[in-house]
Each structure stands twice: as C-alpha cells, then as structure tokens.
Amino acid sequence: MQRLEALVRHPVSIAGAVITTASAVVFIALTIAAFAGLFENPYSGLVIFVVLPAIFVVGLLLIPLGMRLQ
C-alpha cells in the first residue's frame, strides 16, 4: 500500500497522471478525427502521431518520478 499512497501524495505523480490521461483522451479523439478525414493540414499528423505520444510518455515518466521523490 506504500506505493499507492506515494502516488496519491506527491504533486509530480498527480501531474503525471493528469497529463497522461488528458493526452490519451486527446490522442484518441484526434486519431478518430484524422481517420474520418477532418484534417487537411499535413502537419496535423505530426502533432497527432508524434507530439501527443511524446507527451503521454513524459506523463508516464512523471508518475514513478513522483513516487521516488515521495
């Protein structure tokens, strides 16, 4: 139970969980929109398939960092 308490207590872990969740939701929504053909800009694919997964990974890395800092 110590790890779960550390996850909930430290602000870095909470920020990581929020960033990961938000980027996953935005990634899914934009992926559906891209496959539906709603984007005509060629750079939208770069944002959807490179930037958002990178933000997701950063959020995932913040969770154990906050646990370690706790």
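Residue numbering note: each chain is counted from 1, following its sequence as written. Owing to the predicted nature of the model, reporting of local features is limited to residues with pLDDT of at least 70; listing and counting of side-chain atom pairs is limited to 80 or more, with chain, interface and lining totals taken over all residues. Values shown for side chains rest on all heavy atoms present in the structure; no hydrogens or waters enter the calculation.

Caption draft 1: Examining the packing of helix α2 (residues 11–35) against helix α3 (residues 44–69) more closely. Between the N-to-C directions of two axes lies an angle of 0 to 180 degrees, each axis being a line fitted to C-alpha atoms and, for a helix, fitted only over the stretch in contact. Secondary structure counts use DSSP, requiring at least four H or I residues in a row for a helix and at least two E residues in a row for a strand, with both numbered from the N terminus. Relative to each other, α2 and α3 sit at 160°, their axes nearing to 7 Å. Judged by the inter-axis angle, α2 sits roughly antiparallel to α3. Classified by chirality, the crossing of α3 by α2 is left-handed. Roughly parallel covers angles under 35 degrees, roughly antiparallel covers those over 145, roughly perpendicular covers 65 to 115, and oblique covers all other angles. Helix crossings are classified by the rotation of the near helix relative to the far one: an anticlockwise turn of less than a right angle makes the crossing left-handed, while a clockwise turn makes it right-handed.

Caption draft 2: Representation of the packing of aromatic side chains. Here is the rule: rings of Phe, Tyr and Trp (six-membered ring for Trp) pair when centre to centre is within 6.5 Å. Planes less than 30 degrees apart are stacked, more than 60 are edge-to-face, and the remainder are tilted. Applying the stated criterion across every chain yields a total of two aromatic pairs. Look at F35 and F49: their rings are 6.4 Å apart centre to centre, the planes differ by 40°, and that puts the pair in the tilted class. Here the residue F35 occupies a position in helix α2, and F49 occupies one in helix α3, the gap between them amounting to 14 residues. For each residue, the accessible area found with a 1.4 Å probe, counting protein chains only, is set against the maximum for its type, and the residue is called buried under 20%, exposed over 50%, and partly exposed in between. F35 sits in the exposed class, given a relative accessible area of 69%.

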